[in-house]
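Chain residues, written in single-letter form:
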Amino acid sequence: MKRVAVYTSGGDAPGMNACIRAVVRGAIYHGVEIYGIRYGYAGMIKGDMKQLSSHSVSNIIQKGGTILKSARSEEFMTKEGRKKAYESLKEHGIEGLICIGGDGSFTGAKIFYEEFGIPIVGAPGTIDNDIYGTDFTIGFDTAVNTAISAIDKIRDTADSHDRIFFVEVMGRDSGYIAIRSGICGGAEIVLVPETNTTMEEVIETLKKGKNRSKTSSLVVVAEGDEIGGAIEIAEMARKHLQDADIRVATLGHIQRGGAPSAKDRILASRMGLSAIEGLLNGRKNVMAGVMKDELVYTPFEHAITIEKTLSPDLLRMVDIFNS
Ligand code: F6P
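Given the structure is predicted, the values throughout are model-derived calculations rather than measurements.

### Here's the deal with the overall build of the chain
Phase 1 of the analysis: Counting secondary structure elements, the chain contains 11 helices and 11 strands.
Phase 2 of the analysis: The C-alpha radius of gyration computed for the chain amounts to 22 Å, which stays within 12% of the reference 20 Å derived for 323 residues, consistent with globular compactness.
Phase 3 of the analysis: Seen through its principal axes, the chain has C-alpha atoms that stretch 70 × 35 × 30 Å.
Phase 4 of the analysis: With 323 residues in all, the chain has 52% of them scored as buried.
Phase 5 of the analysis: Intrachain contacts of the chain at a sequence separation of at least 6 include 77% that bridge at least 24 residues.
Phase 6 of the analysis: Taken as a whole, the chain presents about 14400 Å² of accessible surface, with 50% of it coming from carbon and sulfur.

In structure tokens:
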């Protein structure tokens with residue numbers, strides 16, 4: 001391969017820039033030209049791409065967001081859209097791709113490879129950590145740390161006012177951020193989409209806490225929990241706990257921003273280099289990951305379809321600490 005391109009796609013995640021830097025520097029080290037595609041698949045369709053130099057990725061390892069910008073493209077979901085993307089890659093002489101993104105981005109990459117045969121290697125970048133084939137995804141550690149620092153602050157005010165706080169963290173389909181930030185923040189309850197906790201159980205645990213003379217409580221809710229979001233759950237709780245002073249805090253997109261943690265910078269750099277070296281060594285339709293501290297490649301098919309389970313010992317811990 002003489003020329004390859006890198007793009008970021010889907011929700012951004014802290015550490016994506018460190019990954020782009022590793023891909024670019026790795027390609028240049030191996031004597032390959034590297035292009036950056038802006039706005040993910042949308043930019044691929046429009047031909048929004050240019051050559052990157054080693055200097056273009058200077059001073060970005062510590063920055064949140066993505067210098068290549070990100071987007072979710074409706075057009076790429078159509079065959080015509082993907083054909084346009086293929087033609088624009090051909091026009092620019094691009095022979096292989098590195099996709100930094102989550103499951104939606106890898107689903108697109110897999111279809112694109114199957115239709116047009118362009119080799120693609122992925123690097124998992126999403127704060128949700130919901131991708132099989134890697135113990136952690138780029139951005140997850142930073143997002144958990146951001147959530148913890150917010151939860152610690154909420155605890156202070158909850159304690160001063162004897163309040164129950166429902167704190168909503170991100171995780172449309174997964175409870176990874178919720179379970180880890182909940183444990184670190186000493187939450188009384190953690191609600192995640194992976195388990196079926198009932199509203200009765202929530203009320204029961206909060207009442208038990210009160211009987212044990214707890215004056216304040218914290219419930220961490222993953223946004224995709226089956227009972228509902230934090231606002232809805234707090235509303236239900238108010239009906240059952242009429243003398244309780246209940247508040248809600250939604251952490252939202254602050255979890256997606258900020259400087260990546262040391263762990264995320266290392267992980268992103270390892271995965272970026274492993275992705276580009278994999279591509280140059282003939283790998284395709286796979287994602288670079290790190291499992292048990294070993295660099296591994298997992299077919300996109302498995303990365304997007306195999307469910308990564310939440311550690312049961314983490315879930316159990318919350319129950320035990322609050323029984
Ligand atoms: O990056 C993943 C994620 O944070 C989900 O947890 C969340 O539901 C979603 O992105 C929201 O993304 P957006 O606001 O960009 O659509």
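### Overview of the pattern of salt bridges
Phase 1 of the analysis: Counted under the stated rule, the structure contains 15 salt bridges.
Phase 2 of the analysis: Of the charged contacts in the structure, one is a salt bridge between glutamate 33 and arginine 3, with a shortest N-O distance of 2.7 Å. Taken together, the positions of glutamate 33 in strand E2 (residues 33–37) and arginine 3 in strand E1 (residues 3–8) put the pair 30 residues apart, joining distant regions of the chain.
Phase 3 of the analysis: For glutamate 33, a relative accessible area of 31% puts it in the partly exposed group.
Phase 4 of the analysis: In this structure arginine 3 comes out as partly exposed when scored by relative accessible area, which is 23%.
Phase 5 of the analysis: Between lysine 210 and aspartate 243 there is a salt bridge, and its shortest N-O distance comes to 3.5 Å. Taken together, the positions of lysine 210 in helix H7 (residues 199–211) and aspartate 243 in the loop between helix H8 (230–240) and strand E9 (246–250) put the pair 33 residues apart, joining distant regions of the chain. For the pair formed by lysine 210 and aspartate 243, the shared burial category is exposed.
Phase 6 of the analysis: Through salt bridges that share partners, Lys110, Glu114 and Glu301 make up one connected network.

### Description of the sheet that holds strand E11 (residues 294–299)
Phase 1 of the analysis: Pairing within the open sheet is mixed, and its 7 strands lie in the order E3-E2-E1-E4-E5-E10-E11. Two strands in the sheet have a free side with no partner beyond their single neighbour: strand E3 (49–52) and E11. Pairs of neighbouring strands in the sheet enclose a mean axial angle of 30°, with direction left out of account.
Phase 2 of the analysis: Relative to the sheet, helix H4 (residues 103–116) contacts E1, strand E4 (96–101), strand E5 (120–124) and strand E10 (286–291), its axis offset from that of E5 by approximately 175°.

### Section: the environment of asparagine 145
Phase 1 of the analysis: By the secondary structure assignment, asparagine 145 is in helix H5 (residues 140–160).
Phase 2 of the analysis: Separated by 37 residues in sequence, asparagine 145 and glycine 108 place their C-alpha atoms 30 Å apart.

### Some points on H5
Phase 1 of the analysis: Along its 21 residues, H5 runs 31 Å from first to last C-alpha, staying within 8% of the 30 Å computed at 1.5 Å per residue.
Phase 2 of the analysis: On its buried face, H5 sits against strand E6 (164–169), helix H6 (176–184), strand E8 (217–222), E9 and helix H9 (262–280).
Phase 3 of the analysis: Within two residues after H5, aspartate 162 carries a phi angle of roughly 50°, on the positive side.

### Digging into a negative patch on the surface
Phase 1 of the analysis: A grouping of Asp152, Asp156, Asp159 and Asp162 is seen on the molecular surface, where their side chains present a negatively charged patch.
Phase 2 of the analysis: Locating aspartate 162 in the fold gives a position in the loop between H5 and E6.

### Thoughts on the site of the ligand
Phase 1 of the analysis: Near the ligand you find Arg72, Ile127, Asp128, Met170, Gly171, Arg172, Glu223, His253 and Arg256, and these make up its full shell.
Phase 2 of the analysis: In the model, an oxygen atom of the ligand is placed 2.9 Å from a nitrogen or oxygen of the aspartate 128 side chain.
Phase 3 of the analysis: Relative to its unbound accessible surface of 400 Å², the ligand loses 78% to contact with the protein.
Phase 4 of the analysis: Residues belonging to the shell around the ligand are distributed by class as follows: 2 nonpolar, 2 polar and 5 charged.
Phase 5 of the analysis: Taken together, domain 1 (3–139 + 260–305) and domain 2 (141–256) each give at least three residues to the shell around the ligand, which thus spans both.

### Considerations on the domain arrangement of the chain
Phase 1 of the analysis: Each assigned domain of the chain is listed with its residue range as follows: domain 1 (3–139 + 260–305) and domain 2 (141–256).
Phase 2 of the analysis: On a C-alpha basis, the centroid separation for the pair domain 1 and domain 2 is 34 Å.
Phase 3 of the analysis: Taken together, the 15 residues of domain 1 in the interface contact 13 residues of domain 2.
Phase 4 of the analysis: On the surface where domain 1 and domain 2 come into contact, there are 1 salt bridge.
Phase 5 of the analysis: Here arginine 256 makes a salt bridge to aspartate 12, at a shortest N to O gap of 2.8 Å.
Phase 6 of the analysis: Inspection of the domain 1/domain 2 interface yields 9 residue pairs in polar contact (both at pLDDT 80 or more).

### Points about unusual backbone geometry
Phase 1 of the analysis: Of note, asparagine 129 is a non-glycine position whose phi angle comes to about 60°, a positive value.
Phase 2 of the analysis: A positive phi angle is found at aspartate 293, which is not glycine, with a value near 65°.

### Thoughts on the sheet that holds E9
Phase 1 of the analysis: Read across the sheet, 4 strands follow the order E7-E8-E6-E9 without closing on themselves; strand pairing throughout is parallel. Taken across any chain shown, the strands that pair with only one partner, and hence form the sheet edges, are strand E7 (189–191) and E9. In this sheet, adjacent strand axes meet at a mean angle of 20° when their direction is disregarded.
Phase 2 of the analysis: Where E7 meets E8, 3 bridges bridge the pair, whose relative direction is parallel.

Each value, and the rule that gives it
Residues numbered from 1 in each chain as written. Predicted model: local features only at pLDDT ≥ 70, side-chain atom pairs only at ≥ 80, totals over all residues. Heavy atoms only, no water. Helix = DSSP H or I, 4+ residues; strand = E, 2+ residues; numbered from the N terminus. Rg over C-alpha atoms; globule rule 2.2 N^0.38 Å. Buried < 20%, exposed > 50% of the residue type's maximum accessible area, 1.4 Å probe, protein only. Contact = heavy atoms within 4.5 Å. Areas by Shrake-Rupley, 256 points an atom, 1.4 Å probe, with all protein chains shown as cover. Salt bridge = Lys/Arg side-chain N within 4 Å of Asp/Glu carboxyl O. Pairing = 2+ DSSP bridges. Axes fitted to C-alpha atoms, helices over the stretch in contact; angles between N-to-C directions. Expected span 1.5 Å × (residues − 1). Patch = residues over 30% accessible without salt bridge, like charges linked within 9 Å, V, L, I, M, F, W, Y side chains within 5 Å. Lys, Arg positive; Asp, Glu negative; His and termini not counted. Charge placed at Lys NZ, Arg CZ, Asp CG, Glu CD. Near = heavy atom within 4 Å. Polar contact = N/O pair within 3.5 Å; in protein donor to acceptor, adjacent residues only side chain to side chain. Nonpolar A, V, L, I, M, F, W, Y, C, P; charged D, E, K, R; others polar. Domains from an automatic or database assignment.

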